[in-house]
There are 2 protein chains.
Amino acid sequence: MKDCDWIVTQDPQRQVLRDSSVRITEGRIDEIGKLQPNAKDNVFDCKRKALIPGLINTHTHLSMSLFRGYADDLELREWLEKKIWPLEARLDGEMCYHGALLGSLEMTRTGTTCFVDMYFHMEDVARAVGEAGLRATLSPGMIDKPDKSGTDLERKNTLKFLEHIRRLRNPLLSFAVGPHAPYTCGEETLLWARDVAEKEDALVNIHIAETRREQAQFEKDGKGRVADYLDKIGFLNNRVLAAHSVWLTKSEVKLFGKKGVRVAHCPVSNMKLASGGTAPVPEMWEAGVPVGLGTDGPASNNGLDMFDTMKMTALVHKNSRWDPTIMNAQRVLDMATLDGARCIGREKELGSVEIGKRADLVLLDLRDPNLIPIHRKETVVSDLVYSANGQNVDTTIVDGKLLMINRKFQKLDQEKIAEEVGSSIARLVPQ
Amino acid sequence: MKDCDWIVTQDPQRQVLRDSSVRITEGRIDEIGKLQPNAKDNVFDCKRKALIPGLINTHTHLSMSLFRGYADDLELREWLEKKIWPLEARLDGEMCYHGALLGSLEMTRTGTTCFVDMYFHMEDVARAVGEAGLRATLSPGMIDKPDKSGTDLERKNTLKFLEHIRRLRNPLLSFAVGPHAPYTCGEETLLWARDVAEKEDALVNIHIAETRREQAQFEKDGKGRVADYLDKIGFLNNRVLAAHSVWLTKSEVKLFGKKGVRVAHCPVSNMKLASGGTAPVPEMWEAGVPVGLGTDGPASNNGLDMFDTMKMTALVHKNSRWDPTIMNAQRVLDMATLDGARCIGREKELGSVEIGKRADLVLLDLRDPNLIPIHRKETVVSDLVYSANGQNVDTTIVDGKLLMINRKFQKLDQEKIAEEVGSSIARLVPQ
């Protein structure tokens, strides 16, 4: 690369470098600083650009891009039962493939290089993500069925997907177990998920304490607090990535810290569905819980832009605590990068621009009016969180490979995807 | 225009039209529907685009674009006293001109066609906005000085600017009186502002009840509730556009309704500065108060993107009331268009795509991944509020004139403005 105006390294000193560049060799960051190009280097001019680590979206449902805007301004239960579930019952693999392609397009466009997904037809999602060249941890969502054979099928499906991921041998794709939530999966399924994750050295991707209704139902059923219950049955450990975690008591937050549970914080979705309250993120930090950011699915956001989520995160916490200092820009960028990497156990490889790390990198175009001016080194991070949005991204690189350069997609065909999404929706949605 | 995929008219029936276009004659909307081009028409292809009324930003400080990102994550008082005011004391007309050009660039880029501004060196701001071709209501901010001559000078400055606007004869630019706030302007200045507005048939642009500190200080000073006080002195009437209005009691909201006061709601700024709470907008609607949306200045936002403000508005109210139905997408779009027009008394000319209205129009590019899919006519407004952002705008038209087409600025020179902003900042900010 020819010199970037700024490199936001996210290294341990949180250095921001002026007029510097990086050299990428075999998908890894090889050198950083004021470099002289070698004869064999493929050099990109990065003048008037800022380089940052690729953003990590720790919770989404990619194929729900198909449902974007389909049903808004509704109560969660009505939204799910009347709108989303009936559509989901009609989904097939082809539709999920197209939805995942669309989601991949949007993530590439807006600077997300790595994400954690839970949904149906995950082999088709894996196919799309493989074509897109993104890095992902994928989990088939499991929900207990009224009959044992249905529940067994969910487990078989998960193991089949695990085999599928193994066969793909795509180093960018990982497997996770995905029990949907404590209110849709019984103790047996939860412990089965725990054991598979242990055996396969995988994550457990689950929704925990998203709404007050979930917690209220738990108490009605005599199971007490959700997180306490999960601990009592032996489910909580450092493989668990708990999405949402809005409705936790202080002692449950401490329990998360003690057990090594990680959290995917999804403020935009929580606000939009009015799940109530704001996840106790400052308390999670105090308890040593790694907290990443997630967009949640595009049906409840309605997008996959992590810049939007970063800004919203900073603002909703300032607002809910009446304290503008509770969550500063650096802390928020950490969540979207380094802490996201910690959430998936990849902090040694991902989340920063450091020598030896994988080259998951994003360039922003500093000629865009909303990124003018940049006052000084110390304000660049603030500009990323409060001023930037995903559309300022002009280049996206994963594992050293160009997915988008100068706002042109290198692997995905935007027109074709739009058409295919159209035909999938024509089949999916009753006209 | 050749057919747009969608036209969001914002007419009384809130019609959304499919495959239609508009004809513009002498800056006004002449025809809407499935039109045949005349020989003399200049025809634009609007396939894969959505046409909406230009957005109206009812509260900003355009030249503060210079301060974007300069100081974040601070308490309002510290932010103002230690960071913003010392810089503002160094501002000159040339700097404000460059800041206003930058702000105009961003508004044009993100689909705002009309705005209300309060700041210093407003003749220079008017020059920039005139060059940009935007529609604006401009008010020099007035603050009482320790000495009478200083305060008199503020008034003279306002009257001088009024004369200046008259002389410009630019039908896009209007004058407003701008007493800064009840805590910076005494009774005499407030009533002077009221009288000038009455005589000149102008708006009074003022900050009211932005922070709890302001209200607490009022009580300490024995003046009671801010809005009650303003009513008691005879200040409140239907010329007053009250920015923020966060800290109002229910009875003060009713008072606003009775007196015809209009409100510029600025949720992003209120959240970022943690002004505390969320303005009681549903109660304002109930009381018949017109509520527009404002970004506030780019130093406390940190941008001028009204799409960002629309999404944040919907979300913060859902979140603060634990009710996803409290503020739906249509209501939010109304605030950013029709109600914005009502706030400046221009609802007969602006805020919707209707025959006879001024042609302030914006086109969005529906090929962008975050705007795919659009399910049906009934979801287009939801897509605008929850999925779109300002960067999806590809064409901006004010009074029938093209300010940007296919993301290319027609009146402003982006490169030159970036350079000039750089040199203004070099003079402004101690290095």
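Residues numbered from 1 in each chain as written. Chains lettered and ligands numbered in written order. Predicted model: local features only at pLDDT ≥ 70, side-chain atom pairs only at ≥ 80, totals over all residues.

**Student:** Please explain the overall build of chain A as it appears in this structure.
**Tutor:** Looking only at helices and strands, one finds 15 helices and 16 strands in chain A. Relative to the compact-globule value of 22 Å for 431 residues, chain A shows a C-alpha radius of gyration of 21 Å, a close match. The principal-axis extents of the C-alpha atoms in chain A amount to approximately 65 × 45 × 40 Å. For chain A, the proportion of its 431 residues judged to be buried stands at 60%. In chain A, of all internal contacts separated by at least 6 residues, the share reaching a separation of at least 24 is 74%. (Helix = DSSP H or I, 4+ residues; strand = E, 2+ residues; numbered from the N terminus. Rg over C-alpha atoms; globule rule 2.2 N^0.38 Å. Buried ≥ 20, exposed ≤ 12 C-beta atoms within 10 Å, placed from the backbone. Contact = placed C-beta atoms within 7 Å.)

**Student:** Can you help me understand the relation of the copies chain A and chain B in this one?
**Tutor:** Both copies of the chain are placed relative to one another by a rotation about an axis and a shift along it. Least-squares fitting of chain A to chain B yields an RMSD of 0.0 Å, with the transformation described by 0.0 Å of translation along the axis and a rotation of 180°. When the rotation and shift are considered jointly, the pair of chain copies conforms to a two-fold rotation axis. In terms of proximity to the rotation axis, the leading residue of chain A is Gln391 of chain A, whose C-alpha is 3.2 Å off the axis. A shared interface surface links the copies, since 100% of the contact residues of chain A are contact residues in chain B too. (Least-squares fit on C-alpha atoms with pLDDT ≥ 70 in both.)

**Student:** Sorry, what's going on with the packing of helix α11 (residues 306-321) of chain A against helix α12 (residues 329-336) of chain A here?
**Tutor:** Packed helix pairs are characterised by how far apart their axes lie and by the angle those axes make with each other. All names here are of chain A. Orientation of α11 relative to α12, taken along the N-to-C sense of each, is 135°, at an axis distance of 10 Å. With respect to each other, α11 and α12 are oriented oblique. Where α11 crosses over α12, the two elements pack in a sense that is right-handed. For the pair α11 and α12, contact is made by Met306, Met310, Thr313 and Ala314 and by Ala329, Val332, Leu333, Met335 and Ala336, respectively. A breakdown of the residues in the contact of α11 with α12 according to their chemical character gives eight nonpolar, one polar and no charged. (Axes fitted to C-alpha atoms, helices over the stretch in contact; angles between N-to-C directions. Parallel < 35°, antiparallel > 145°, perpendicular 65-115°, else oblique. Left-handed = near helix turned anticlockwise from the far one by under 90°. Nonpolar A, V, L, I, M, F, W, Y, C, P; charged D, E, K, R; others polar.)

**Student:** Can you walk me through the nonpolar core in this structure?
**Tutor:** It is characteristic of soluble globular proteins that their nonpolar side chains tend to be buried jointly. With 286 residues, the main nonpolar core has Ala50, Leu51 and Val125 of chain A together with Ala50, Leu51 and Val125 of chain B as its most contacted residues. Ala50 of chain A has contacts with Cys4, Asp5, Trp6, Val8, Leu363, Leu364, Leu366 and Val380 of chain A, leaving out every residue within four places of it along the chain. (Core = buried A, V, L, I, M, F, W, Y, C linked by C-beta atoms within 7 Å.)

**Student:** Is there a simple way to explain the sheet that holds strand β7 (residues 135-142) of chain A in this structure?
**Tutor:** Either a parallel or an antiparallel arrangement is found when strands of a sheet pair, and the pairing is made through backbone hydrogen bonds. All names here are of chain A. Taken together, the eight strands give an open sheet; going across it, the order is β5-β6-β7-β8-β9-β10-β11-β12, and neighbouring strands pair in parallel fashion. Two strands close off the open sheet at either side, each with one partner strand: β5 (55-60) and β12 (291-293). The mean inter-strand angle of the sheet, taken between neighbouring strand axes irrespective of direction, is 25°. Here helix α3 (residues 122-132) sits on the sheet and contacts β6 (112-119), β7 and β8 (173-179); the angle it forms with β7, its principal contact strand, is near 170°. (Pairing = 2+ DSSP bridges.)

**Student:** What is the right way to look at the interface of chain A and chain B in this model?
**Tutor:** How big an interface is tends to be stated in terms of accessible area lost as the parts join. The interface is formed by 51 residues belonging to chain A together with 51 residues belonging to chain B. Looking at the side of chain A that touches chain B, the elements that each hand over two or more residues are α2 (93-110), α9 (267-272), α11, α14 (380-387) and α15 (414-428) of chain A. The element that contributes the greatest number of residues to the side of chain A that touches chain B is α15 of chain A, accounting for five residues. Residues of the side of chain A that touches chain B, tallied by class, amount to 23 nonpolar, 16 polar and twelve charged.

**Student:** Looking at this structure, I do not really get the pairing of β8 of chain A. What am I missing?
**Tutor:** On any regular strand, side chains alternate: one points to one face of the sheet, the next to the other face. Residue and element names in this part refer to chain A. The element β8 is largely enclosed, with a buried count of six among its seven residues. As judged from the five bridges shared by β7 and β8, these two strands associate in the parallel manner. Paired with Met142 across the strands is Pro179, a residue of β8. The parallel pair β7 and β8 is bridged by helix α4 (residues 148-168), and the resulting crossover is right-handed. Running through helix α5 (residues 187-200), the crossover from β8 to the neighbouring parallel element strand β9 (residues 203-208) is right-handed. (Right-handed = clockwise from strand over helix to strand, strands pointing away.)

**Student:** Help me out: how do you make sense of the domain arrangement of chain A in this one?
**Tutor:** Residues and elements named next belong to chain A. Here chain A is partitioned into domain 1 (4-53 + 355-414) and domain 2 (55-343). Between domain 1 and domain 2, the C-alpha centre-to-centre distance is 28 Å. The interface is formed by 25 residues belonging to domain 1 together with 29 residues belonging to domain 2. Sort the elements by how many residues they give to the side of domain 1 that touches domain 2 and α14 lands first, with five residues. (Domains from an automatic or database assignment.)

**Student:** How do you make sense of helix α1 (residues 76-88) of chain A when you look at a structure like this?
**Tutor:** The end-to-end C-alpha distance of α1 of chain A, which contains 13 residues, comes to just 15 Å, noticeably less than the 18 Å that a straight helix rising 1.5 Å per residue would cover. Three or more residues of α1 of chain A are buried, namely Leu76, Trp79, Ile84 and Glu88 of chain A. (Expected span 1.5 Å × (residues − 1).)

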